[in-house]
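Next come the chains, spelled out residue by residue.
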Amino acid sequence: MAANVPFSVLDRSRTRQGQDGPSALRDTVRFARRAEAFGYHRFWVSEHHGVPGVAGSAPTVLAAAVAAATSTIRVGTGGVMLPNHQPIVVAEQFGVLESLFPGRVDMGLGRSVGFTGGIRKALGRDKQDAEDFPGQLTELLGYFTATGSAHLQVHAHPAEGLRIPAFVLATGKGAGVAAEAGLPLVIAAVRGEDAMLRAIDGYRRDFRPSAWGERPYVMLSGTVMVGATTEEAHDLLLPEAWASAYSRTRGEFPALASVESIRALRMTERERTLFEEAQRGHLYGTEDEVADGLGKLLARAEADEFLVTTSTYDREAMDDSYRRLAALLGLEAPE
């Protein structure tokens, strides 16, 4: 699989019970070094504002720290939520990153806005701002090519003239936006595999070649957990599954809890239903089981790349899962 499909990593800087946000961010930087040593292609970080349990709030700042701590792996964002920002500021930030770490920076972009009404108000945004994502994206890319018309005689330095790979995260209408802009697509099976495959088909059908991409490029995104046994790999999914169920009943993400503490919880019927739903749709198991599942998924989607988004309470077990996956794929760290 790895011979034809690169594998990359997205880390959300999740906090764990007994750990604060600053420690989680330092763990992200340490994990990036591990991912580079394992031979993964890219290492991306995410953007969340005011969300308990997620420390990554300034992805371009964190990406700079990751790039400074590594030497070969590509570094980027998965993603910067463009409706939260002015496009010129995003262009300037990525221009600085590319200037400091030439040839290693990726610009992953999403259309989500703040998690709650209070956060959106604090950001000076509302839900409607996401509807202008295509226009914001056009303005942003125009600052790099000096072809923008949103603000005449305004230039983004040092971004102008640089060509940073840009990707669109397929939340909501993202697949259509990526096709229209001629950009690579990052997509997960959030609404089920069939819906994801339909979105990919539509993206490929409607793709318009651009200065940023001559052909469609599909990066699948999802959890892949590899353990010594099927049961061990499944157990490692439980911390994120409970965090998902908790967020849907309380409106906030908790710090990741241990498998043992989750098993001891007394859940309501609704919590139990959401908890079980959150365990579905992931690839997990032994090396042989994961190889079989990955091979079938990559073939169905005809994917160009896979972005692994796995996290769990036990960091050593998470590292071991990524190590096992890298060995399964035959990845090798660049010299």
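Our structure's up above, just so we're on the same page.
This structure is a prediction, so every number in the text was calculated from the model and none was measured.

Undergrad: Let's hear about the overall build of the protein chain: which residues, and what values?
TA: In terms of helices and strands, the protein chain carries 13 helices and eleven strands. On C-alpha atoms alone, the protein chain measures out to a radius of gyration of 19 Å, which is about the 20 Å that the 2.2 N^0.38 rule sets for 335 residues. Along the first, second and third principal axes, the C-alpha atoms of the protein chain reach 60 × 45 × 40 Å. Contacts in the protein chain between residues far apart in sequence, at least 24 positions, make up 74% of those at least 6 positions apart. Carbon and sulfur atoms make up 49% of the accessible area of the protein chain, which amounts to about 15300 Å² in all. Looking at charge distribution, the protein chain has the averaged site of its 35 positive side-chain charges lying 4 Å from that of its 43 negative ones.

Undergrad: How would you explain the environment of V290 if you had to name every residue and give the values?
TA: Secondary-structure assignment places V290 in helix α12 (residues 287-301). The class for V290 is buried, based on a relative accessible area of 1%. V290 sits 231 residues away from P59 along the chain, and the two C-alpha atoms are 30 Å apart. Look past the residues within four positions of V290 in its chain and what remains in contact with it is V224, M225, V226, Y284, G285, L325 and L328.

Undergrad: Provide a residue-level description of the pairing of strand β2 (residues 42-45), including the pertinent values.
TA: Burial along β2 is two-sided: the face carrying R42 and W44 and the face carrying F43 and V45 are both buried. Where strand β1 (residues 7-11) and β2 come together, three bridges link them in parallel fashion. The residue of β2 that forms the bridge with V9 is F43. Viewed along the sheet, the connection from β1 through helix α1 (residues 21-38) into β2 turns out right-handed. Both β2 and strand β3 (residues 74-77) contribute to a ladder of four bridges, which runs parallel. Bridged to V45 within β3 is T77. Note that the unit made of β2, helix α2 (residues 59-69) and β3 has a crossover that is right-handed.

Undergrad: Please give an account of the nonpolar core that cites residues and values.
TA: In terms of nonpolar packing, the biggest core is built from 70 residues, with F7, Y40, L220 and L325 touching the most fellow members. The element best represented in this core is helix α5 (residues 133-145), accounting for six residues. Contacts of F7, omitting those with residues within four sequence positions, involve Y40, H41, R42, L294, L298, F306, V308, L325 and L329. L238, M267, L274 and F275 belong to the second-largest nonpolar core, a separate cluster that totals eleven residues.

Undergrad: How would you sum up the environment of L10? Please name residues and give values.
TA: Tracing the backbone shows L10 in strand β1. Among the residues examined, L10 registers a relative accessible area of 5% and is labelled buried. In this structure the C-alpha to C-alpha distance between L10 and R324, which are 314 residues apart in sequence, comes to 17 Å. Filtering out sequence-adjacent residues up to four positions away, L10 remains in contact with W44, V45, S46, G78, L307, V308, T309 and Y322.

Undergrad: Requested: an account of the packing of aromatic side chains, with residues and values cited.
TA: Applying the stated rule across the entire model yields nine aromatic pairs. Between Y40 and Y322 the ring centres are 5.8 Å apart and the planes differ by 80°, which places this aromatic pair in the edge-to-face class. Of this pair, Y40 sits in the loop between α1 and β2 while Y322 is found in helix α13 (residues 315-329), placing the two residues 282 residues apart along the sequence. Comparing Y40 with Y322 shows no difference in burial state: the two are buried.

Undergrad: Give me the side chain of D27: which residues, what numbers.
TA: With respect to the helices and strands, D27 occurs in helix α1. Every residue in contact with D27, bar those within four places of it in the chain, is listed here: Q19 and R315.

Undergrad: Give a description of the environment of H234 that names residues and reports values.
TA: With respect to the element layout, H234 can be found in helix α8 (residues 230-235). Residue H234 is classed as partly exposed on the basis of its relative accessible area, which comes to 22%. Separated by 96 residues in sequence, H234 and G330 place their C-alpha atoms 23 Å apart. Ignoring sequence-local partners within four residues, the contact set of H234 consists of Q279 and Y284.

Undergrad: Tell me about the pairing of strand β7 (residues 185-188), and name the residues and values.
TA: The pairing of strand β6 (residues 166-169) with β7 spans two bridges and is parallel. Paired with V168 across the two strands is L185, which belongs to β7. Relative to strand β8 (residues 218-222), β7 runs parallel, the two being bridged by four bridges. Of the residues in β8, the one forming a bridge with V186 is M219. Note on the crossover from β7 through helix α7 (residues 193-206) to β8: the handedness is right-handed.

Cut-offs and rules
- Residues numbered from 1 in each chain as written.
- Predicted model: local features only at pLDDT ≥ 70, side-chain atom pairs only at ≥ 80, totals over all residues.
- Heavy atoms only, no water.
- Helix = DSSP H or I, 4+ residues; strand = E, 2+ residues; numbered from the N terminus.
- Rg over C-alpha atoms; globule rule 2.2 N^0.38 Å.
- Contact = heavy atoms within 4.5 Å.
- Areas by Shrake-Rupley, 256 points an atom, 1.4 Å probe, with all protein chains shown as cover.
- Lys, Arg positive; Asp, Glu negative; His and termini not counted.
- Charge placed at Lys NZ, Arg CZ, Asp CG, Glu CD.
- Buried < 20%, exposed > 50% of the residue type's maximum accessible area, 1.4 Å probe, protein only.
- Pairing = 2+ DSSP bridges.
- Right-handed = clockwise from strand over helix to strand, strands pointing away.
- Core = buried A, V, L, I, M, F, W, Y, C linked by side-chain atoms within 4.5 Å.
- Phe/Tyr/Trp six-rings, centres within 6.5 Å; stacked < 30°, edge-to-face > 60°.

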